[in-house]
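Chain by chain, the residues:
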Amino acid sequence: MKMKRLVATMLSVAMVAGTVTGCGANSGSSEGSAATSTAQEGETQDVTLKIWVPEEEVEITDAMVKKFDEIHDEFNITYEIAVVGIDEAPQALDTDADTAADIFYTPSGGVADLAGKGLLLPITKDYETIKDELPESALNAVTVDDITYAVPFSPNTFFMYYNKDLLTEEEVKDLDTIMAKDLGDGKYNFSTHITDSWYSEMFFLGNGCTLFGDDGKDATDCTFNNEAGLAAGQYIVDLVENPKYIEDLDGAGGSEFKAGNLGAITSGAWSAPEFREALGDKLGAVALPTATIGGNKVQLSNFVDFKTITVKSNTQYPLAAQQLAVFMGNPENSLTRYENQGDIPVLESLASSEAISSDFVAKALNQQASYATNQPSIPKMGDYWDPMKALGEGIYYGDITSANLQAQLDSLVDSITGTLTE
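Residues numbered from 1 in each chain as written. Predicted model: local features only at pLDDT ≥ 70, side-chain atom pairs only at ≥ 80, totals over all residues. Heavy atoms only, no water.

A. Broad picture of the sheet that holds strand S12 (residues 283-286). Taken in spatial order, the five strands make up an open sheet running S10-S9-S11-S8-S12, and their pairing is mixed. A strand with exactly one partner marks an edge of an open sheet, and here the two such strands are strand S10 (245-247) and S12. Mean inter-strand twist for the sheet, computed between neighbouring axes without regard to direction, equals 20 degrees. Pairing analysis gives four bridges linking strand S8 (residues 159-163) to strand S11 (residues 262-267), with the strands arranged antiparallel. Of the residues in S11, the one forming a bridge with phenylalanine 159 is serine 267. (Pairing = 2+ DSSP bridges. Helix = DSSP H or I, 4+ residues; strand = E, 2+ residues; numbered from the N terminus. Axes fitted to C-alpha atoms, helices over the stretch in contact; angles between N-to-C directions.)

B. Highlighting the nonpolar core. Ranked by size, the top nonpolar core spans 78 residues in total, and within it Leu49, Trp52, Ile103, Tyr127, Tyr161 and Leu324 carry the most contacts. Among the elements that line this core, the one with the most residues is helix H12 (residues 318-328), at seven residues. Looking at which domains feed residues into this core, each of domain 1 (45-156 + 305-372) and domain 2 (158-301 + 380-417) gives three or more. Not counting residues within four places of it along the chain, the set of residues in contact with leucine 49 comprises Ile77, Thr78, Tyr79, Glu80, Asp102, Ile103, Thr315, Tyr317, Ala320, Ala321 and Leu324. The next biggest cluster of nonpolar side chains, apart from the first, holds 51 residues, and it includes Leu166, Val172, Trp198 and Ala232. (Core = buried A, V, L, I, M, F, W, Y, C linked by side-chain atoms within 4.5 Å. Buried < 20%, exposed > 50% of the residue type's maximum accessible area, 1.4 Å probe, protein only. Domains from an automatic or database assignment. Contact = heavy atoms within 4.5 Å.)

C. The confidence of the model for the protein, seen in detail. The predicted model of the protein has a mean per-residue pLDDT of 89, with 89% of residues at 70 or higher. Below pLDDT 50 for its whole length, residues 1-37 participates in 75 contacts with residues either more than four positions away or in separate chains. (pLDDT = per-residue confidence, 0-100.)

D. How the structure looks around the environment of glycine 398. As for its placement among the helices and strands, glycine 398 is situated in the loop between helix H17 (385-396) and helix H18 (405-417). Classification of glycine 398 as partly exposed rests on a relative accessible area of 43%.

E. Geometry of the packing of aromatic side chains. Applying the stated criterion to the full structure yields 17 aromatic pairs. With centroids separated by 5.1 Å and ring planes inclined at 50 degrees, the aromatic side chains of tyrosine 105 and phenylalanine 153 adopt a geometry described as tilted. In this pair, tyrosine 105 is assigned in strand S4 (residues 103-107) and phenylalanine 153 in strand S7 (residues 151-156), connecting sequence segments 48 residues apart. Each member of the pair, tyrosine 105 as well as phenylalanine 153, carries the same accessibility label: buried. Considering the side-chain rings of phenylalanine 190 and tyrosine 245, the 6.3 Å spacing of their centres and the 45 degrees angle between planes classify their relative orientation as tilted. Of this pair, phenylalanine 190 sits in strand S9 (residues 188-192) while tyrosine 245 sits in strand S10, and the two are 55 residues apart along the sequence. Assigned by exposure class, phenylalanine 190 and tyrosine 245 land together as buried. Put simply, the rings of Phe158, Trp198, Tyr199 and Trp270 pair up and form one aromatic cluster. Positioned above the aromatic ring of phenylalanine 153 is the side chain of arginine 337, whose terminal nitrogen or guanidinium carbon lies 4.3 Å from the ring centre. (Phe/Tyr/Trp six-rings, centres within 6.5 Å; stacked < 30°, edge-to-face > 60°. Lys NZ or Arg CZ within 6 Å of the ring centre and 35° of its normal.)

F. Spotlight on the pattern of salt bridges. Using the criterion set out here, one finds 14 salt bridges in the structure. Linking aspartate 343 and lysine 307 is a salt bridge whose minimum nitrogen-to-oxygen distance equals 2.8 Å. Placement of the pair is aspartate 343 in the loop between helix H13 (331-341) and helix H14 (348-351) and lysine 307 in strand S15 (residues 303-311), with a sequence separation of 36 residues. In this pair, the class of aspartate 343 matches that of lysine 307, namely buried. (Salt bridge = Lys/Arg side-chain N within 4 Å of Asp/Glu carboxyl O.)

G. Geometry of the pairing of strand S2 (residues 45-53). Bridge count for S2 against strand S3 (residues 75-83) is nine bridges, and the pairing is parallel. Each bridged residue has a counterpart across the sheet, and for valine 53 the counterpart in S3 is valine 83. Note: S2 against S4, two bridges, orientation parallel. Bridging across to S4, isoleucine 51 finds its partner in isoleucine 103.

H. Unusual backbone geometry, seen in detail. We note that aspartate 126 has phi near 70 degrees; this positive angle belongs to a residue other than glycine. Looking at the element boundaries, aspartate 126 is found in the loop between helix H4 (111-116) and helix H5 (128-131). Even without glycine at this site, phenylalanine 212 takes up a positive phi of about 65 degrees. Inspection of the secondary structure assignment puts phenylalanine 212 in the loop between helix H8 (201-206) and helix H9 (227-241).

I. Focus on H18. The terminal C-alpha atoms of H18 lie 18 Å apart, and with 13 residues this matches the ideal 18 Å at 1.5 Å per residue to within 8%. Residues of H18 that are buried include every one of Leu405, Leu409, Leu412, Val413, Ile416 and Thr417, and no others. In an axial view of H18, the angular spread of the buried residues amounts to 110 degrees, which keeps them on one side of the axis. Structurally, H18 contributes buried residues whose contacts are with H8, H9 and H17. Once H18 ends, the next one or two residues include glycine 418, with phi positive near 80 degrees. (Expected span 1.5 Å × (residues − 1). Arc of directions from axis to C-beta.)

J. Layout of the packing of H9 against H18. One can describe the packing of H9 onto H18 by two numbers: an axis separation of 10 Å at closest approach and a directional angle of 115 degrees. Classified by chirality, the crossing of H18 by H9 is right-handed. Between H9 and H18, the contacting residues are Gly229, Leu230, Gly233 and Gln234 on the first element and Leu405, Gln406 and Leu409 on the second. In terms of residue class, the contact of H9 with H18 is made up of three nonpolar, four polar and no charged. (Left-handed = near helix turned anticlockwise from the far one by under 90°. Nonpolar A, V, L, I, M, F, W, Y, C, P; charged D, E, K, R; others polar.)

Structure below.
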């Protein structure tokens, strides 16, 4: 009788600063390590797999791997499941590929960068079981030079939740209308993450600025410092100075929203379970609002990509890792993830089902996706996050004001495009 052991480890990854060495990374082919990790036909292979998932997915991942074991007697797998967020895992892999998990979540926007560094294993085994159910946009997002590197399982973008007791369906269409309303003492009107570069771009993209050109592929182009960018930056400066605004720093906005003290907040489908529990029938969800920036009313536009499951290139068990990654993204597990975590499935058989297509959260996500901008997937995207985060923090903490905004935007663009060092 085979003995299988599950170790659920709750930990946070300590980000270690240092030079990226790509230690252990190979060319991205699974063939190099297959010889040492493939059992002879008819034999059971002892396998150890480390899996990184967000904290809220530990339990369902535990259930997934048990089901995987039931249909894969050719493996005797010892699992180590650790808590590492989708926003942390790619950097942790980049920092030390040897100690990184075999399987982890990655935003599709980071797939090309990691694949280009040789850190991701192509996903080929069993991929045909889900490929026909994936929309072309999802396939394109995880394909680099005709090689597939990830299993997409949910559209990844944010929209806006609102409290129907505080704001009407008509009022939530426009951010200036939201901010103008008097909700009473102790109430906030709007919250988002200006200090998070995955959120703050909505004002710039909404006002017509581009990151890496119109198609997201020109590494030398960013227009966040032009006239439209200056107007977007000024809008953010004014917004954070408004006492009716609360920054969602360390979940502060989310806490006020769940307590009924906040009119509207930006977040994604992952927040739906806790917001539904807190507000019940008072919860609404819509696309991001319009805003008047630089005298023009514009539709706020954010990044959209996909949440994906990826495998590191130097895993000792490429066959088992690939098969488990695909299994974790199959219809059954995508439905489990939706029912437990709120992630809207990307697989078309699920996305088009009555239960999901009629979900007001799914409708809000899909509506916003139509307004959103595809997140650039070129490796240069890695140079966007920290400078943009620094801009948001500078504005929020008051170091960047109207007086020095243009200079800071110029510096931002130089940092992103690398023109200062060229």
